Amino acid sequence: MTRPDPALAHGWCALTALHGRIEAHVERALQAEHELSVREFSVLDVLSGQHDDTGGHFRMNQLADAVVLSQSATTRLVTRLEDRGLLARYLCPTDRRGIYTNVTEAGLALLAAARPTNDRALAEALDAAEQRPELAPLAAAVRTLGAPAATG
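Reading guide: rules and limits
Residues numbered from 1 in each chain as written. Predicted model: local features only at pLDDT ≥ 70, side-chain atom pairs only at ≥ 80, totals over all residues. Heavy atoms only, no water. Helix = DSSP H or I, 4+ residues; strand = E, 2+ residues; numbered from the N terminus. Buried < 20%, exposed > 50% of the residue type's maximum accessible area, 1.4 Å probe, protein only. Contact = heavy atoms within 4.5 Å. Expected span 1.5 Å × (residues − 1). Arc of directions from axis to C-beta. pLDDT = per-residue confidence, 0-100. Polar contact = N/O pair within 3.5 Å; in protein donor to acceptor, adjacent residues only side chain to side chain. Phe/Tyr/Trp six-rings, centres within 6.5 Å; stacked < 30°, edge-to-face > 60°. Axes fitted to C-alpha atoms, helices over the stretch in contact; angles between N-to-C directions. Parallel < 35°, antiparallel > 145°, perpendicular 65-115°, else oblique. Left-handed = near helix turned anticlockwise from the far one by under 90°. Nonpolar A, V, L, I, M, F, W, Y, C, P; charged D, E, K, R; others polar.

**Q** Can you walk me through the side chain of threonine 117 in this structure?
**A** Mapped onto the secondary structure, threonine 117 falls in helix H5 (residues 105-129). The exposure class of threonine 117 is buried, given its relative accessible area of 3%. Dropping the residues within four chain positions of it, threonine 117 is found in contact with Ala29, Leu30, Glu33 and His34.

**Q** Would you mind showing me how to read the environment of isoleucine 99 here?
**A** Mapped onto the elements, isoleucine 99 comes out in strand S2 (residues 99-103). The spatial distance from the C-alpha of isoleucine 99 to the C-alpha of asparagine 118 is 29 Å, given a sequence separation of 19 residues. Once you skip the residues sitting within four places of it in the chain, isoleucine 99 turns out to touch Phe58, Arg89, Tyr90 and Leu91.

**Q** It is not clear to me how helix H4 (residues 71-83) should be interpreted in this structure. Could you clarify?
**A** What sets the pattern is the α-helix's 3.6 residues per turn: residues three or four places apart point alike. Over its 13 residues, H4 runs 18 Å from end to end, which matches the ideal 18 Å to within 8%, given 1.5 Å per residue. For H4, the complete set of buried residues consists of Ala73, Thr74, Leu77, Val78 and Leu81. Take H4 and look down its axis: the buried residues cluster within an arc of 135°, on one side only. Considering only its buried residues, H4 is in contact with helix H2 (38-48), helix H3 (60-67), strand S1 (87-91) and S2.

**Q** How should I be thinking about the confidence of the model for the protein chain in this particular structure?
**A** Detail in the predicted coordinates should be disregarded across regions flagged by low pLDDT. For the protein chain, the average pLDDT comes to 91, and 95% of its residues sit at 70 or higher. Mean pLDDT per element in the protein chain: S2 is the minimum at 88, and H5 is the maximum at 97.

**Q** Whenever I open this one, the side chain of glutamine 50 confuses me. Can you help?
**A** Position of glutamine 50 relative to the elements: it lies in the loop between H2 and H3. Within the structure, glutamine 50 has its side chain in polar contact with the backbone oxygen of threonine 101 (distance 2.8 Å). The residues contacting glutamine 50, other than those within four sequence positions of it, are Gly56, His57, Phe58, Thr101 and Asn102.

**Q** Honestly, the packing of aromatic side chains in this entry has me stumped. Any pointers?
**A** Both the distance between ring centres and the angle between the ring planes are used here to describe each pair of aromatic rings. If you walk through the whole model with that rule in mind, you get 1 aromatic pair. Ring geometry for tyrosine 90 against tyrosine 100: centres 5.7 Å apart, planes inclined by 65°, an arrangement best described as edge-to-face. With a gap of 10 residues between them, tyrosine 90 in strand S1 and tyrosine 100 in strand S2 connect regions that are remote in the sequence. On the basis of relative accessible area, tyrosine 90 is assigned to the partly exposed category, the value being 30%. Looking at tyrosine 100, the relative accessible area reads 12%, which means it is buried.

**Q** Would you explain the packing of H2 against H3 in this entry?
**A** Pairs of packed helices are described in terms of their axes, by the angle between the two and the distance that separates them. For the pair H2 and H3, the least separation of the axes is 10 Å and the interaxial angle reads 125°. By the criterion of interaxial angle, the relationship of H2 to H3 is oblique. Classified by chirality, the crossing of H3 by H2 is right-handed. Taken together, the residues of H3 that come into contact with H2 (itself represented by Arg39, Ser42, Val43, Val46 and Leu47) are Leu63, Ala66 and Val67. Classifying every residue of the contact of H2 with H3 by side-chain character gives 6 nonpolar, 1 polar and 1 charged.

Written out as C-alpha cells, the structure is:
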C-alpha cells in the first residue's frame, strides 16, 4: 500500500499556521492600542460597509457568515459591542421580524482609529511570515490578493 502525497496536508498546516500567527499578532496590537479584538474589529468593519440599497444591510446570519462565527457567537459579540455603545440595533422597516445592526458614531470613530493599527500589524505579521520558508509563498499570496487588479 502506497502512502498518499502529504502535500495537501502540509499545505493546510502551513495555511492554518499563517492564519494563527497573523490573527495572534493583530489581536495583540488591537487589544493593546484600542481594547478591541480581531473579531470585534471584523464586525465593525463589515457593518460599516452597509448601505441603504437593496441587500445593503446584514441580518445576523449574514454577519455570522461574513465574520466566520456561529450565529450565537455573533449575537453575543454584537450584544457586547452594543453594550459598549459601538453598535445599535433596529427593526427592519420592510420586515418587522428582521433586526439590523448599525455602527454608531463611536463605533465608526473607533474603527477609523483602529484601522491603521490593524493594517500595520497585518503587514508586520506577513513580513515575519515571509522569513519562514514554509509560510513565505502563502504570505506572498495574501499580499497578491490584497493588491489592486492590474488593468490592461
